[in-house]
Amino acid sequence: MRLDKYLSSQTQESRSQVKEFIRKKLVSVGDQIITSPEFQVDPEKDVVRLQGNVIGYSQYQYFLLNKPAGVISATKDRLSETVLSLLPKDHKKDLFPVGRLDKDTEGLLLITNDGALAHSLLSPKKHVAKTYLVKLKKPLTDEDIVKLEQGVDIGDDDLTLPAYVTRIYDPNLEGDWIHLTISEGRFHQVKRMLEAVQNEVLFLKRIRFGGLSLDSSLKAGECRELTEEELQLLKRSHNVAEEKRKLLEGKKAVIFDLDGSLIDSMWIWGKIDEEYLGRFDIHLKSREELRMKIEGMSFYETAIFFQEYFQLPDTIEKMTSDWNQMAWDKYEREVPLKSGIPDFLEGCRRNGIKLGIATSNSRELVDNVLSVHKLQNKFISIITGSEIMKGKPAPDVYLAVAKALDVSPSECLVFEDIVKGIMAGKNAGMTTCAVADEDSASTWEDKKAVADYAVYDFYDFFGSI
């Protein structure tokens, strides 16, 4: 590759400006000052410096942007600010948004210079799913949802492809909200689909595109580069969705572990352990070591272990009562559902798949969690560690749930976030799926090795991709 092309592609400088830098002897390759723009550079081996700064080579860049309203999804616009103005100043010059969001629409927008990936994601033949958070002028009726999920007439030659709709019940959101997943990219499609059922979109935000979810830590107008894991998920979006749907083939029941599988709560137990032991002036040297010791134990078994291992004066009853109260304070305010769970549970209901919970946690906490998230009526059977003799990896709790659901173990799919839990599901003769969880990220490879399948979220199990 020519030196001037290399520098121009990796910086914001024009080709003429790069040539001027070279003429002024401000560019070196290795230990040699280069004065010729035509000098050939090996991007894989050569170290190129401009004014003493190393200019590394990367062919592509991938940015995840939380697009704010009022910004145009384009590379140039005479009248309005474009999404490229929100990127870091040192971004590549040939970046472009993958698809577009309307000026008043917020949310996830991928920006890259990888034309092949963009073409794959936008190809009508691929049907890559896009999920939107939508505020409506009025509630959708059941009849409206059926129409949207069958395809509606929005004035084009063909009906829209079947969509996927989930009503949202969130005390923090005022008004009528839904998640709408579509697998096309027609002009103003979401707004036109809702108009087709005599409704109106008041707010629209894209929260998912293929295998990529909007980073909740990004404020409107903020962006970051994709992680390698996100990039690989995005490239595999179509195949990932197909793999997820195959998981449910022949299954009559889905059984969840609670912490780390159904809800994002595993992280709080480290805080509770430290806070509780701190009352006795006991300080953990390794939270990971303790986690491995108690992994799979029931709530009651964990209390016995704490009492004996740390020689605590509290009774088992007082310990479990204190833990319940400490946990509940955090569960009520700080613990969300795992990504995609509402859509997944609704999909199970519509497809006649029974739902159960098999957890080492206490019944009191389970009931409280389900109440907060309005999931009390979703699960037919809930068995906790206090109701069985043996904790995980023994299969007892999973077998008990399957019996209560009146299904055979081979007809059950288990979601678990710890190795011993996965082993419990396998020991019960069930299909197991490891769930990614930040708190146990260090054991992700171990979980994938033990489980039959593995997922990062609960999107794309149902739908029309």
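The structure we're discussing is the one just above.
Computed from a prediction, not measured in an experiment: that's the story for all the values here.

The rules behind these values
Residues numbered from 1 in each chain as written. Predicted model: local features only at pLDDT ≥ 70, side-chain atom pairs only at ≥ 80, totals over all residues. Heavy atoms only, no water. Helix = DSSP H or I, 4+ residues; strand = E, 2+ residues; numbered from the N terminus. Buried < 20%, exposed > 50% of the residue type's maximum accessible area, 1.4 Å probe, protein only. Contact = heavy atoms within 4.5 Å. Areas by Shrake-Rupley, 256 points an atom, 1.4 Å probe, with all protein chains shown as cover. Lys, Arg positive; Asp, Glu negative; His and termini not counted. Charge placed at Lys NZ, Arg CZ, Asp CG, Glu CD. Pairing = 2+ DSSP bridges. Core = buried A, V, L, I, M, F, W, Y, C linked by side-chain atoms within 4.5 Å.

Student: A description of the overall build of the protein chain should follow, citing residues and the corresponding values.
Tutor: Helices and strands together make up the secondary structure of the protein chain, namely 16 helices and 19 strands. Based on the C-alpha atoms only, the size of the protein chain along its principal axes is roughly 80 × 60 × 40 Å. Relative to its full complement of 465 residues, the protein chain shows a buried share of 52%. Of the contacts made within the protein chain by residues no fewer than 6 positions apart, 67% connect residues no fewer than 24 positions apart. Counting only carbon and sulfur atoms, one obtains 48% of the accessible surface of the protein chain, whose full area is about 22400 Å². Taken as two groups, the 63 positive and 75 negative side-chain charges of the protein chain have centres that lie 5 Å from each other.

Student: Could you give an account of helix 15 (residues 419-427), with specific residues and numbers?
Tutor: At 3.6 residues per turn, the α-helix brings residues three or four places apart onto the same side. Here helix 15 has its buried residues at Val419, Gly421, Ile422, Ala424 and Gly425. Where the residues of helix 15 are buried, they touch helix 14 (396-405), strand 17 (412-416), strand 18 (431-435) and helix 16 (444-450). Immediately beyond the C-terminal end of helix 15, within one or two residues, lies Gly429, with a positive phi of roughly 80°.

Student: If you had to explain the sheet that holds strand 1 (residues 27-29) to someone new, which residues and values would you point to?
Tutor: With antiparallel pairing, the 4 strands of this open sheet are ordered in space as 2-1-3-4. The strands lining the two open edges of the sheet, one partner per strand, are strand 2 (32-33) and strand 4 (53-54).

Student: Could you give me a rundown of the nonpolar core, with the residues and numbers involved?
Tutor: The biggest cluster of nonpolar side chains holds 52 residues, and the ones touching the most others in it are Val254, Phe256, Phe306, Tyr331, Phe344, Phe379 and Phe415. Of the residues forming this core, the biggest block, 7 residues, is contributed by helix 11 (residues 316-334). The residues contacting Phe344, other than those within four sequence positions of it, are Leu248, Val254, Phe256, Phe415, Phe458, Phe461 and Phe462. Grouped together as the second largest cluster of nonpolar side chains are 30 residues, Phe63, Leu84, Leu87 and Leu180 included.

Student: Give a description of the pairing of strand 7 (residues 106-112) that names residues and reports values.
Tutor: Burial analysis of strand 7 places 6 of its 7 residues in the buried class, which makes it a mostly covered element. In this sheet, strand 7 lies alongside strand 5 (residues 62-67) in antiparallel orientation, the contact comprising 6 bridges. When the bridges of strand 7 are listed, Asn66 appears paired with Leu108. In this sheet, strand 7 lies alongside strand 6 (residues 96-97) in antiparallel orientation, the contact comprising 2 bridges. Counted as the bridge partner of Phe96 is Thr112 from strand 7. Two strands pair when backbone bridges link them, and strand 7 and strand 11 (residues 201-209) are joined in this way by 2 bridges, in the parallel orientation. Of the residues in strand 11, the one forming a bridge with Glu106 is Lys205.

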